[in-house]
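# Inside the fold
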2 protein chains.
Amino acid sequence: MSLRHAVLGLLVQRPSTGYELAKLFDRSLMTAWHARHSQIYPELTKLESRGFVEVASEGPRSSRTWRITREGREELRAWLVEKEPSRIQRNESAVRLFFAGMLAPGDRQVACERDLAYVNEQIRMLEETREQVLAATPPQYFLPTIELGLRVNAVYRDWLQEQIDQAEHEAGEIHD
Amino acid sequence: MSLRHAVLGLLVQRPSTGYELAKLFDRSLMTAWHARHSQIYPELTKLESRGFVEVASEGPRSSRTWRITREGREELRAWLVEKEPSRIQRNESAVRLFFAGMLAPGDRQVACERDLAYVNEQIRMLEETREQVLAATPPQYFLPTIELGLRVNAVYRDWLQEQIDQAEHEAGEIHD
DNA sequence: CGCATCATGTAAGCTGTTACATGATTAT
DNA sequence: ATAATCATGTAACAGCTTACATGATGCG
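## Description of the overall build of chain A
Looking only at helices and strands, chain A features seven helices and three strands. Along chain A, from the amino end to the carboxyl end, the secondary structure elements read α-α-α-β-β-α-β-α-α-α. For 176 residues, the compact-globule estimate of 2.2 N^0.38 gives 16 Å, and chain A exceeds it by more than 25% at 21 Å. In chain A, buried positions account for 45% of the 176 residues. Considering only residue pairs separated by 6 or more positions, chain A has 53% of its internal contacts joining residues 24 or more positions apart. For chain A, the accessible surface area stands at approximately 9100 Å², while carbon and sulfur atoms represent 51% of it. Computing the positive centroid from 23 side-chain charges and the negative centroid from 27, chain A places the two 10 Å apart.

Following this line, the structure appears as structure tokens:
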């Protein structure tokens, strides 16, 4: 179960409330795993009952800051190193791209342009995050994954632009 | 719901049995969406009740070959072009890479080498598929997505090799 | 005072996994 | 014969989404 280990991983970075974890899932982890607060709060309770997390402090508005325990770190390490990864992926955008080639050129262009706008926005956000991470001393452990995200998104950007150019070309041919 | 539209998309390619669709999910669509036969058979029944697919023929072993209807094609097109895509992704391997930077160099190297072996195998399979698709006349609509898969996997391969080299270097420093 | 944000939680319903269950056909 | 593959289906359970529900704190 990735949710459990994603929560443990985020708590290694910094003790956090459930609310903060929900924001981190939306920001740092968005392209890897997604989780809502309605899943995160019950998961924290489960992780506590297994001894993997504990309440570090209580704050205003009945907030609780959770921290990972030694057992939690061991569980995370075992998952990362010893457990055979599941290669199953679920990516709606990839399903769309797979079938985009069946569309008429005009429709295909519309679909690819929408994706290109999204990819460019992702690149912008990753560049922004990279600046912040580089400014921290020492740079945080996930700097290489930001670099990876930038490279993968550059591939998507170039490929989408090629598909758009190709679709424009095909649309032109029809009217010749 | 991507499962529904992935089934419709696969049926545009070629009328298929549920069993064949399950194999296609494992092969062509593996990096985009995953589905088991226990989900595919009930989904075909639902799609039939909505008029999006119909039985094209019945064969041996109580097999039924399904084909997409005109209404099904319209539904698929509307989904691809008009519906705002969900950008939610679930990718356990990406979660692992995100947290790999927290591991000790030796552990990180083990994790990255396992992924590199997988990525190299993916590249081998994509190259094989590309040859088959290029041999077909005319080349099938999903040729560009195979090219995209190859480019993305090349990025992963190079990045993983860099992480492995870096981890080896760090491991060396410790013993200096 | 009112709005945005912080903060947590539960319930109903849908989606997806694993396991169970059955049987036909083909190849060795 | 018997093993592998083809072929379909259901049930129990786990995971995830959407909606409901509540209230505190900080800012303008």
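## Structural notes on the domain arrangement of chain A
Residue and element names in this part refer to chain A. For chain A, the domain assignment lists domain 1 (2-81) and domain 2 (92-175). In this complex, domain 1 contributes five residues to the contact, which on the side of domain 2 involves five residues. Carbon and sulfur atoms make up 52% of the surface buried where domain 1 meets domain 2, a total of about 320 Å² over both sides. For the domain 1 face of the interface with domain 2, the top three residues by lost area are Gln 13, Met 30 and Thr 31, together amounting to 85%. Between the two partners, domain 1 and domain 2, sit zero salt bridges. Where domain 1 meets domain 2, there are one residue pair in polar contact (both at pLDDT 80 or more).

## With respect to the interface of chain A and chain B
Contact residues are listed per partner, giving 59 residues for chain A and 59 residues for chain B. When the buried surface of chain A facing chain B is broken down by residue, Arg87(A), Arg90(A) and Phe98(A) rank first, second and third, together holding 13% of it. Counting the contacts that link chain A with chain B gives six salt bridges. In this structure, Arg77(A) engages Asp107(B) in a salt bridge whose closest nitrogen and oxygen atoms are separated by 2.7 Å. Broken down by secondary-structure element, the contributors of at least two residues to the side of chain A that touches chain B are helix H1 (2-13), helix H4 (70-81), strand S3 (89-91), helix H5 (92-100), helix H6 (105-135) and helix H7 (143-175) of chain A. Considering each element in turn, the side of chain A that touches chain B owes the most residues, 10 residues, to H7(A). Its residues assigned to classes, the side of chain A that touches chain B comprises 31 nonpolar, 14 polar and 14 charged. Across three bridges, the pairing between S3(A) and strand S3 (residues 89-91) of chain B is antiparallel. Bridged to Asn91(A) within S3(B) is Gln89(B).

Definitions and limits used
Residues numbered from 1 in each chain as written. Chains lettered and ligands numbered in written order. Predicted model: local features only at pLDDT ≥ 70, side-chain atom pairs only at ≥ 80, totals over all residues. Heavy atoms only, no water. Helix = DSSP H or I, 4+ residues; strand = E, 2+ residues; numbered from the N terminus. Rg over C-alpha atoms; globule rule 2.2 N^0.38 Å. Buried < 20%, exposed > 50% of the residue type's maximum accessible area, 1.4 Å probe, protein only. Contact = heavy atoms within 4.5 Å. Areas by Shrake-Rupley, 256 points an atom, 1.4 Å probe, with all protein chains shown as cover. Lys, Arg positive; Asp, Glu negative; His and termini not counted. Charge placed at Lys NZ, Arg CZ, Asp CG, Glu CD. Domains from an automatic or database assignment. Buried area = accessible area lost by both parts, 1.4 Å probe. Salt bridge = Lys/Arg side-chain N within 4 Å of Asp/Glu carboxyl O. Polar contact = N/O pair within 3.5 Å; in protein donor to acceptor, adjacent residues only side chain to side chain. Nonpolar A, V, L, I, M, F, W, Y, C, P; charged D, E, K, R; others polar. Pairing = 2+ DSSP bridges.

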